[in-house]
Amino acid sequence: MGKQDKQGKHGERGKRELPPVPEPLPVPVVDAHTHLDACGAADAADVSAMLDRAASAGIAGVVTVADDMAAARWVVEASTWDSRAFAAVALHPTRTAKFTDDDRAELERLVAHPRVVAVGETGLDYYWTRFDPDVAPPAAQQEAFRWHIELSKRVGKPLMIHDRDAHQDILSILEHEGPPETVVFHCFSGDAEMARRCMEAGYIVSFAGPVTFRNAGPLREAAKLVPNDRLLVETDAPFLTPHPFRGRPNEPYCAAYTLRDLAELRGEPAAELAAAVADTAERTFQLRSVAPLG
Ligand SMILES: [Zn+2]
Ligand SMILES: [Zn+2]
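In this report, we go over the structure that sits alongside the text. This is a predicted model, so every value here is computed, not measured. (Residues numbered from 1 in each chain as written. Chains lettered and ligands numbered in written order. Predicted model: local features only at pLDDT ≥ 70, side-chain atom pairs only at ≥ 80, totals over all residues. Heavy atoms only, no water.)

A tally of regular secondary structure across the protein gives nine helices and eight strands. Radius of gyration (C-alpha) of the protein: 18 Å, near the 19 Å computed for a compact globule of 294 residues. Its C-alpha atoms put the protein at 45 × 40 × 40 Å along the principal axes. Counting all 294 residues of the protein, 56% fall into the buried class. Counting every atom, the protein has about 12,300 Å² of accessible surface; 51% of that belongs to carbon and sulfur. Computed over 32 positive and 44 negative side-chain charges, the separation of the two mean positions in the protein equals 3 Å. (Helix = DSSP H or I, 4+ residues; strand = E, 2+ residues; numbered from the N terminus. Rg over C-alpha atoms; globule rule 2.2 N^0.38 Å. Buried < 20%, exposed > 50% of the residue type's maximum accessible area, 1.4 Å probe, protein only. Areas by Shrake-Rupley, 256 points an atom, 1.4 Å probe, with all protein chains shown as cover. Lys, Arg positive; Asp, Glu negative; His and termini not counted. Charge placed at Lys NZ, Arg CZ, Asp CG, Glu CD.)

The subject of this paragraph is the coordination of the zinc ion (ligand 2). Working reference: metal with six octahedral donors, ideal angles 90 or 180 degrees; metal with four tetrahedral donors, ideal angle 109.5 degrees. Only His33 (NE2), His35 (NE2), Glu121 (OE) and Asp236 (OD) from the protein coordinate the zinc ion (ligand 2), and they sit 2.1 to 2.3 Å from it. Classification of the site at the zinc ion (ligand 2) as irregular follows from its four donor atoms and the range of 88 to 174° in their angles at the metal. Mapped onto the sequence, the residues coordinating the zinc ion (ligand 2) show the spacing H-x1-H-x85-E-x114-D. Here the zinc ion (ligand 1) and the zinc ion (ligand 2) are spaced 3.5 Å from one another, each receiving a donor from glutamate 121. (Donors = N, O, S within 2.8 Å, 3.2 Å for Na, K, Ca; no water. Tetrahedral: all angles 85-135°; square planar, octahedral: opposite > 155°, others 65-115°.)

Moving on to the coordination of the zinc ion (ligand 1). Around the zinc ion (ligand 1), the protein supplies Glu121 (OE), His162 (ND1) and His186 (NE2) as donor atoms, at distances of 1.9 to 2.1 Å. Every donor residue of the zinc ion (ligand 1) comes from the same chain, spaced as E-x40-H-x23-H.

Before going further, it helps to spend a moment on the packing of helix α7 (residues 217-225) against helix α8 (residues 255-266). The N-to-C vectors of α7 and α8 enclose an angle of 75°; their axes lie 9 Å apart at closest approach. Taken together, the axis directions place α7 and α8 in an arrangement best described as roughly perpendicular. For the pair α7 and α8, the contacting residues are Arg220, Ala223 and Lys224 in the first and Asp261, Leu262, Leu265 and Arg266 in the second. Partitioning the contact of α7 with α8 into residue classes produces three nonpolar, no polar and four charged. (Axes fitted to C-alpha atoms, helices over the stretch in contact; angles between N-to-C directions. Parallel < 35°, antiparallel > 145°, perpendicular 65-115°, else oblique. Contact = heavy atoms within 4.5 Å. Nonpolar A, V, L, I, M, F, W, Y, C, P; charged D, E, K, R; others polar.)

Taking 1.5 Å as the rise per residue, helix α1 (residues 44-56) with 13 residues should run 18 Å; its terminal C-alpha atoms sit 18 Å apart, in good agreement. Within α1, the full set of buried residues consists of Asp46, Val47, Met50, Leu51 and Ala54. Taken down its axis, α1 places every buried residue within 125° of arc, on the same side. The elements touched by buried residues of α1 are β2 (59-65), α2 (69-78) and β3 (85-89). (Expected span 1.5 Å × (residues − 1). Arc of directions from axis to C-beta.)

Moving on to the side chain of histidine 148. With respect to the helices, strands and loops of the structure, histidine 148 is situated in helix α4 (residues 138-155). For histidine 148, a relative accessible area of 0% puts it in the buried group. Apart from residues lying up to four places away in sequence, histidine 148 is in contact with Ala90, Leu91, Phe99, Leu107, Val119, Thr122 and Leu159.

We now examine the sheet that holds strand β4 (residues 116-125). Strand order in the open sheet formed by eight strands is β1-β2-β3-β4-β5-β6-β7-β8, with parallel pairing between adjacent strands. In this open sheet, the two edge strands, each paired with only one partner strand, are β1 (29-34) and β8 (231-233). Here the strands of the sheet are splayed against their neighbours by 30° on average, with no regard to which way each runs. Both strand β5 (residues 159-164) and strand β6 (residues 183-186) contribute to a ladder of four bridges, which runs parallel. Paired with leucine 159 across the bridge in β6 is valine 183. (Pairing = 2+ DSSP bridges.)

This paragraph deals with the packing of aromatic side chains. A complete count under the given rule lists eight aromatic pairs for this structure. Here the aromatic rings of tryptophan 74 and tryptophan 81 are separated by 5.8 Å at their centres, their planes lie at 85°, and the arrangement is edge-to-face. Among the aromatic residues, those joined into a ring-pair cluster are Tyr127, Trp128 and Phe131. Lying over the aromatic face of tyrosine 127, arginine 164 brings its terminal NZ or CZ to 3.6 Å of the ring centre. Above the face of the phenylalanine 213 ring, arginine 246 is positioned so that its terminal group lies 3.7 Å from the ring centre. (Phe/Tyr/Trp six-rings, centres within 6.5 Å; stacked < 30°, edge-to-face > 60°. Lys NZ or Arg CZ within 6 Å of the ring centre and 35° of its normal.)

To continue, consider the pattern of salt bridges. Here the structure, examined in full by the defined rule, presents 17 salt bridges. With a closest N to O distance of 2.9 Å, arginine 84 and aspartate 82 form a salt bridge. Ionic pairing is found between arginine 104 and glutamate 143, a salt bridge with its closest N-O pair at 3.3 Å. With arginine 104 in helix α3 (residues 101-111) and glutamate 143 in helix α4, this pair connects stretches of sequence that are 39 residues apart. For arginine 104, a relative accessible area of 15% puts it in the buried group. What makes glutamate 143 partly exposed here is its relative accessible area of 42%. (Salt bridge = Lys/Arg side-chain N within 4 Å of Asp/Glu carboxyl O.)

Shown next, in the form of C-alpha cells:
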C-alpha cells in the first residue's frame, strides 16, 4: 500500500475510503493480528492516531506483526511508542527463500524484547508459490517453520501461524516437532473438520474479515463450532476488510465489525463473545504481564 493511499482518499469512486468507525463494542477486545506499517503508519503519531480510532470502536490494543526483517525491526520499535501496541516477529513463509544466519540471530534478539508477545507470522503458504517464482518453495518454508517452532518453545512465547492452502502440512509438522504450549492460527481459513482438529490439539483460532464474507460457507460453519474461549478476532489490516466493506482499506477498528458479525453468526450476545475474546487474548499473549512503557 502506497503512502498516497494512507487515508484511502485517492482511489476511484470512494472505493478506497476507509469504512466508518462503528459504535464501540460493549467489552473492549484486542486486534490479534494486524500490520500497522502496511496500513500506512510510519511514526509514533501515526500509530497513536490509528490506535485512538481503534479505541473509539472498542479495540483496546493490537498485535502488530512483522513479515520481513525490516518490519520486524519496525514493529518492535512501534510497540514502544504506544502502550496499546504489542509486537510479533518472524520471517513470513513466502519470504524464506533466503533466510540467513544473520536473520535468525537478529530475530532471536528481537523476540526477546519484552513487548514482543508472539513468534509470527510463520507457517506455510502454498498459494503464492504457485504463481510467484520469487516466493520460497515449500521445502524452504518448512525448514523456516521448524526453526520458528523451536524458537517459540525456547522463548516461551506463542506461535502465530500463517496457513494458506497448507492445513495438512502445518498440522503434521506441528505434531512431528511437538507444538509450543500456545499456538494461534491467524486468519483461520479451514472448514469444520480443520477447526475440530485444531480444537483437539489445543490450538487457538483467530478469525479475520473472511469469516464475515457471505460466500465463505465452510469457514462460517467452522466458526460456529469453536468454543468461545478458544477464539480471537483480528483484521490482518490493511487487507481482508470485513463485510459489508469488503474491498475497502482495513484498519484495526474494523475488528469490531468482525466481532459483531461473528456473534450474530454464532447466535451469541456480542457482549458475551467480546468478554470471552478479551480473556482469550489476555491468556494467549499474557498482555497484563507485559512491562508498561516509560
Ligand atoms: Zn498471514
Ligand atoms: Zn498478516
